[in-house]
Amino acid sequence: GYILPKDVKTIFVHHELRYIRNENEMLLFKEITEKDKMLFSVAKDFERDALLKYKHVIALTEIDRKILLDFLGRKGDIYASPAIVTSAKSPATDFIPATAHRLTFVGSEYHCPNMDAIIWFCEEIIPSLRKSGFSFKFQLIGHWKSRQIKKLASINPEMELVGYVDSLSDALRGTISFVPIRVGSGMRMKILDAVFSGVPFITTSKGVEGIDFRNNEECLIADEAESFAEAIIRLSDQPDLQEKLTNQAKNRLKSLYNPQQMLERRLAVYSSILKEDI
């Protein structure tokens, strides 16, 4: 954006509004110092300045598009175009209920919202599950090798560090996907992975933000540690509810985020941009 010629069409696809993520993270601080405020302001100003170097910006959700309109002070040239996500070559067909109290999380420790989610789960949600006498196992799929995670694993025998898997769909089937995301923006691909794999999921309002899924219709949504734990227990003990949520999420995803329609929508944005000066 800074070095491209002024007379070329420039487009930036903004997968996550970083200053929004930073705001979310700061809300979790026990104390916000003046230095924290200063660093946040500097990063926010940089993000705005960098985005203004592009003539067009594409956000993944309508929520982010509206935020960017105000953030950048523009009336146009900002578009909402969801990510194009396709299902596995052999998508899940027959539903397999999660009867073994096995939970799965997909992601990497390199992405800060993922790390926060697992720390929150271990420090606040697991105690509620244990207090209720709920026996379970949870698996982290992806890269999780830091000292902090190994420490959490040492004091939480329920945790299993799976690493990378050959088939994500196969690894997820027969589990409940949990997505306790508290920070970030954009679309959570791990939720779409769960739907395509035919498994039910539990998340937060922030986790499902930008995806038009509804509590008790396509998933369970809980924002407090105790209510999140209650949702895990409730869903684990009700195979019929698991199947209902899974099927309804799959149908809604198909109607709202059809890959071919998303592709055509993105191409329509690019076409309109190219035609502007013709």
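Look up a bit, the structure's there.
It should be emphasised that the depicted structure is a prediction, and the values quoted were computed from it without experimental measurement.

Chemist: Explain the pattern of salt bridges here, please?
Modeler: Side-chain pairs of opposite charge can arise where the charged atoms are in close proximity. A full pass over the atoms with the stated rule returns 10 salt bridges. In this structure, the salt-bridge partner of glutamate 158 is arginine 130, at a minimum N-O distance of 3.0 Å. Of this pair, glutamate 158 sits in the loop between helix H5 (147-155) and strand S6 (159-163) while arginine 130 sits in helix H4 (residues 112-131), and the two are 28 residues apart along the sequence. Shared partners join several salt bridges into a network, and the residues in it are Glu16, Arg21 and Glu25.

Chemist: Is there a simple way to explain the sheet that holds strand S1 (residues 11-14) in this structure?
Modeler: Where strands meet in a sheet, backbone hydrogen bonds hold them as pairs that are either parallel or antiparallel. Judged by pairing direction, the sheet is parallel, and its three strands sit side by side in the order S1-S2-S3 without closing on themselves. The open sheet is flanked by S1 and strand S3 (78-80), the only strands paired with a single partner. Strand-to-strand, the axes of this sheet are offset by a mean angle of 20°, without reference to chain direction. Here strand S2 (residues 56-59) pairs with S3 via three bridges, running parallel. Considered in S3, the bridge of alanine 59 is made with alanine 80.

Chemist: What is the right way to look at the sheet that holds S6 in this model?
Modeler: Reading across from one edge, S6-S5-S4-S7-S8-S9 is the order of the six strands in this open sheet, with parallel pairing throughout. A single partner strand is all that each edge strand has here, and the edge strands are S6 and strand S9 (220-221). Direction of pairing for strand S5 (residues 137-141) relative to S6: parallel, over a ladder of four bridges. In the strand pairing of S6, phenylalanine 138 is matched with methionine 159.

Chemist: Please clarify how a negative patch on the surface should be interpreted in this entry.
Modeler: The grouping of Glu123, Glu124, Asp223 and Glu224 at the surface amounts to a negative patch. Tracing the backbone shows glutamate 224 in the loop between S9 and helix H8 (225-236). Using a relative accessible area of 55% as the deciding quantity, one classes glutamate 224 as exposed.

What counts as what
- Residues numbered from 1 in each chain as written.
- Predicted model: local features only at pLDDT ≥ 70, side-chain atom pairs only at ≥ 80, totals over all residues.
- Heavy atoms only, no water.
- Salt bridge = Lys/Arg side-chain N within 4 Å of Asp/Glu carboxyl O.
- Helix = DSSP H or I, 4+ residues; strand = E, 2+ residues; numbered from the N terminus.
- Pairing = 2+ DSSP bridges.
- Axes fitted to C-alpha atoms, helices over the stretch in contact; angles between N-to-C directions.
- Patch = residues over 30% accessible without salt bridge, like charges linked within 9 Å, V, L, I, M, F, W, Y side chains within 5 Å.
- Areas by Shrake-Rupley, 256 points an atom, 1.4 Å probe, with all protein chains shown as cover.
- Lys, Arg positive; Asp, Glu negative; His and termini not counted.
- Charge placed at Lys NZ, Arg CZ, Asp CG, Glu CD.
- Buried < 20%, exposed > 50% of the residue type's maximum accessible area, 1.4 Å probe, protein only.

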